[in-house]
2 protein chains.
Amino acid sequence: MAATDSRPGMARIAEAGEGIGLDELALATRNHGMPLEALRYDVTPPGLHYVLTHYDIPLVDPGSWRLEIGGAVERPLSLALDELMRRPAVTARVLLECAGNGRARLEPRPVSQPWLLEAVGTAEWTGTPLAPLLLEEAGLSPGAVDIVFTGADHGVERGVEQDYARGLPLAEALRPETMLVWGMNGSPLPPQHGAPLRLVVPGWYGMAQVKWLTRVDVSTEPFTGFQNATAYRLKVDSDEDGEPVTRIRPRSLLAPPGWPDFMTRERFVRAGPVPISGRAWSGRAPVTRVEVSTDGGETWSEAGLAPADPRNPFAWRRWTYDWTAQPGRLELLTRATDEAGSQPLEAEWNRQGMANNLVQRVPVTVLE
Amino acid sequence: MAATDSRPGMARIAEAGEGIGLDELALATRNHGMPLEALRYDVTPPGLHYVLTHYDIPLVDPGSWRLEIGGAVERPLSLALDELMRRPAVTARVLLECAGNGRARLEPRPVSQPWLLEAVGTAEWTGTPLAPLLLEEAGLSPGAVDIVFTGADHGVERGVEQDYARGLPLAEALRPETMLVWGMNGSPLPPQHGAPLRLVVPGWYGMAQVKWLTRVDVSTEPFTGFQNATAYRLKVDSDEDGEPVTRIRPRSLLAPPGWPDFMTRERFVRAGPVPISGRAWSGRAPVTRVEVSTDGGETWSEAGLAPADPRNPFAWRRWTYDWTAQPGRLELLTRATDEAGSQPLEAEWNRQGMANNLVQRVPVTVLE
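The structure contained in this document is the topic of the report that follows. (Residues numbered from 1 in each chain as written. Chains lettered and ligands numbered in written order. Predicted model: local features only at pLDDT ≥ 70, side-chain atom pairs only at ≥ 80, totals over all residues. Heavy atoms only, no water.)

### Concerning the nonpolar core
Proteins that are soluble and globular tend to have nonpolar side chains buried together. To keep it simple, the criterion reads: Working definition of a nonpolar core: buried Ala, Val, Leu, Ile, Met, Phe, Trp, Tyr and Cys residues. They are joined through side-chain atoms within 4.5 Å. Burial status follows relative accessibility: with a 1.4 Å probe on protein chains alone, a residue under 20% of its type maximum counts as buried, one over 50% as exposed, and anything between as partly exposed. Secondary structure elements are taken from DSSP: a helix is a run of H or I of four residues or more, a strand is a run of E of two residues or more, and numbering for both begins at the N terminus. Residues are treated as being in contact if the distance between any of their heavy atoms lies within 4.5 Å.
One finds Leu67, Ile69, Phe149, Leu180, Leu197 and Met207 of chain B to be the most contacted residues of the largest nonpolar core, which totals 63 residues. Looking at which element gives the most residues to this core, the answer is helix H3 (residues 130-138) of chain B, with 4 residues. For Met207 of chain B, the residues in contact, after removing those within four places along its chain, are Ala99, Tyr164, Arg166, Tyr232, Val245 and Thr246 of chain B. Membership of the second largest hydrophobic core comes to 62 residues, among which are Leu36, Tyr55, Leu117 and Leu130 of chain A.

Rendered as structure tokens:
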């Protein structure tokens, strides 16, 4: 593994012991995570949902904005926002998570947005399903493979100037849950979440949820743009092609109990009954079990997991655990298991720090 | 100056060249700045305003919540939210800025929330003036000196367990602009901004804007709690008492033009006319002039400054500057001057990194 790689297209890997740089900090102060106490809300309140924007939040005039649907279609479409909003509207509660969540604790650390664990949120998204627009209105030409979604956000990434764009396999684009979204938590989309229109692909990591949509193009070839072919791939060596990042792996997070120290964020609770709660999710298969350890991972107990909501299969699920705290210092852990497997206890390193679902550890001091 | 000081009550100063630590990062991923492109909005949209919470965002039930007004008063009050909301309502557009804005670029770096420049925002706050509640309803006892505001947020800071509490001099508390606030941008206060009730003291740095208010106590002695006597003081040596941090010093920020590199955040523009705009403010005196330099500070030109809004004297003010960019690399700077002075070109260091209003520098590459 090359610890330092200066070829264009390669993200840098931090040296052993290297602190967070001002470049990583500049991303951390712009973008923001969901403070973990907000796991208490079924729906993440405005302003607490995580935000990751690759470039600047673009200024889009919703009055003159249009969505162009083109490429390999029989009838290209150009739609104003009010025209789109006349399509059948649906609202779905969907968890989103950044593919880079947990990156900052990897060793060595891939240099990018330095998330700890907070790059999550669950909102109620309002929009219209994409499939009828493609199948019934535009009409797919033969040989469609990928649907390419392009946003208005413009920048440079590892030497490549681009509008943010992602290809999504046709079958995923045609899922009934995949939607073009203009509302969040009952209000118009805020600027940082993609106003006036974004894509929501339930179950996929955040890179697929293209914001500030301007174009939807049907492609008869797999999309090879930067965000699919270079970024968002699981690879250990820089000369691998790697597998694409797709669906969200299982994760459970607990709301740290008690109160924090301002600077260390270490937690304090008083001995006695301490209710613990959190949320669990997976984008690839239903969550079947959530466990909690109160002894640093030596032993595990099953938490009480709320039943899945059949109307909102891609929302997170609440869990609770009744803990009786004894004085001392310890680590709380939680892990989720879905039908395909459990969260790992050791990090599975990859050079972009993607899809890392290492279990959460919360150091706690229990006072007398 | 002691570069390392382990006495309780003293914030740590980073060693020369020490990267940002995981403790500072944990604060940066919880709290968040306003991405500087949001300087384009007169009123900062929900979720883009800066947020700094010392401890956790507390869970407050607005139904059972009450505000207690006590201490040296003739008639202690206990008010439910709907009772408070029957008082005369006012809405004011007010800029807030964290006292630690700019801390992360100080050398050596005080270890705390590592803001670069984004800890600002301007909202429309709705509430009721504090003075009539104190003067007419509760009635001040003789000898009142400070008004102590206590929030529901609880934590430990440099060894001191506390509910966040700040004392404000009586004259500031009785200013007609000082208000108890339940609304932000036309909606109820979001949790992270102090729901159900917070204080807004226009012109003062953020530490005075106490959130999640539970108590207002009139004191006949100067308040000596942690947030007044230990934190939020301007001092260079750790054994100084230092001056208290109070009103916001003048600052101008520009919205970085063109487009960014994802990782370095360096800016790119094309040669030719490039309109530059930003906002300027001061909490201590009216802003009289905003200047821009396009040559790294060698020469300065006056920007066009929007007139002050007499209804909103504590809002930021928009400014514009018409730049014709020539190919090359350069730094854009901007500085504000108020009736009491200008922003410094060299940082004025203090050991908590407070009230630092060093001019902004934005490196830009101008392409052919």
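### Focus on the interface of chain B and chain A
Rules: Buried area: the accessible area, evaluated with a 1.4 Å probe, that two parts lose upon being put together, summed over both parts. Definition used for salt bridges: Asp or Glu carboxyl oxygen within 4 Å of a side-chain nitrogen of Lys or Arg. Any N or O atom pair separated by 3.5 Å or less is treated as a polar contact, with the protein-specific requirement of one donor-capable and one acceptor-capable atom, and with residues adjacent in sequence counted only for side-chain atom pairs. Think of it as three bins: nonpolar holds Ala, Val, Leu, Ile, Met, Phe, Trp, Tyr, Cys and Pro, charged holds Asp, Glu, Lys and Arg, and polar takes everything else, Gly as well.
Contacts between chain B and chain A engage 57 residues on the former and 57 residues on the latter. Here chain B meets chain A over a buried area of about 5000 Å², counting both sides, of which 61% is carbon and sulfur. Scanning the region where chain B abuts chain A turns up 8 salt bridges. Among the ionic pairs, Glu37 of chain A bridges to Arg30 of chain B, the shortest N-O distance being 2.8 Å. For the pair chain B and chain A, the number of links is 25 residue pairs in polar contact (both at pLDDT 80 or more). Mapped onto the side of chain B that touches chain A, the elements with two or more residues apiece are helix H1 (22-30), strand S5 (146-157), strand S14 (259-260) and strand S15 (267-270) of chain B. When residues of the side of chain B that touches chain A are assigned to their parent elements, the largest contribution, 9 residues, is made by H1 of chain B. Split into classes, the residues belonging to the side of chain B that touches chain A amount to 29 nonpolar, 13 polar and 15 charged.

### Let's talk about the relation of the copies chain B and chain A
Defined as follows: All copies are superposed by least squares; the fitting set is the C-alpha atoms of residues with a pLDDT of at least 70 in both.
Note on the copies: chain B fits chain A at an RMSD of 0.0 Å, the axial shift is 0.0 Å, and the rotation between them is 180°. The symmetry that links the two subunits is that of a two-fold axis. Both copies present the same face, since 100% of the interface residues in chain B are matched by interface residues at the equivalent positions in chain A.

### A look at a negative patch on the surface
Residues and elements named next belong to chain A. The condition that has to hold: Each patch is built from salt-bridge-free residues with over 30% relative accessible area, joining like charges within 9 Å and nonpolar side chains (Val, Leu, Ile, Met, Phe, Trp, Tyr) within 5 Å. Residue exposure ignores everything except the shown protein chains as possible cover, and the areas themselves are Shrake-Rupley values with a 1.4 Å probe. All tallies of charge rest on Lys and Arg as positive and Asp and Glu as negative; His and the ends of each chain are not included. Working definition for charges: the position is that of NZ of Lys, CZ of Arg, CG of Asp or CD of Glu.
Together, Asp237, Asp239, Glu240 and Asp241 make up a negatively charged patch on the protein surface. The topology assignment puts Asp239 in the loop between strand S11 (233-234) and strand S12 (243-244). For Asp239, a relative accessible area of 65% translates into the label exposed.

### Points about the pattern of salt bridges
Across all of its chains, the model carries 48 salt bridges over all chains by this definition. With its nearest N and O atoms 3.4 Å apart, the salt bridge here joins Arg311 of chain B to Asp309 of chain B. The structure contains a network of salt bridges with shared partners spanning Glu172, Arg175, Glu177 and Arg247 of chain A.

### Things to note about H1 of chain B
Summarising burial for H1 of chain B: 7 of the 9 residues are buried, a large majority. Those residues of H1 of chain B that fall on the buried side of the exposure criterion are Glu24, Leu25, Ala26, Leu27, Ala28, Thr29 and Arg30 of chain B. For H1 of chain B, the elements touching its buried residues are helix H1 (22-30) of chain A.

### Describing the sheet that holds strand S16 (residues 272-281) of chain A
All names here are of chain A. Going by this rule: The rule for pairing is simple: two strands pair if DSSP sees at least two bridges between them.
Strand order in this open sheet of 4 strands is S13-S16-S20-S19, and the pairing throughout is antiparallel. The strands lining the two open edges of the sheet, one partner per strand, are strand S13 (251-254) and strand S19 (304-305). Direction of pairing for S16 relative to strand S20 (residues 317-325): antiparallel, over a ladder of 9 bridges. Looking at S20, one finds that Val274 is bridged to Trp323.

### Concerning the sheet that holds strand S5 (residues 146-157) of chain A
Within a sheet, neighbouring strands are paired by backbone hydrogen bonds and run either parallel or antiparallel to one another. Residues and elements named next belong to chain A. Note the following rule: Axis geometry follows a simple rule: fit a line to the C-alpha atoms, using only the stretch in contact for helices, then measure angles between N-to-C directions, giving values from 0 to 180 degrees.
Here we have 5 strands laid out as an open sheet, ordered S2-S1-S10-S5-S6, and mixed in their pairing. The strands lining the two open edges of the sheet, one partner per strand, are strand S2 (77-80) and strand S6 (160-169). When strand polarity is set aside, the average angle formed by the axes of neighbouring strands in this sheet is 25°. Note that strand S1 (residues 66-71) and S2 share 4 bridges and pair antiparallel. Opposite Ile69, over in S2, you have Leu77 as the bridge partner. Where helix H3 (residues 130-138) meets the sheet, it contacts S1, S2, S5 and strand S10 (213-219), and its direction lies at approximately 135° from that of S2.

### Some remarks on the pairing of S5 of chain B
Note on strand geometry: in a regular strand, side chains alternate between the two faces of the sheet. All names here are of chain B. Judged by how many residues are buried, S5 sits mostly within the fold: 10 of 12 residues are covered. Strand direction decides the pairing type here: S5 and strand S10 (residues 213-219), joined by 6 bridges, are antiparallel. Across the sheet, the residue bridging to Phe149 is Val216, located in S10. Alignment of S5 against strand S6 (residues 160-169), held across 9 bridges, turns out to be antiparallel.

Take it as geometry only, folks, not as evidence of what the structure does.
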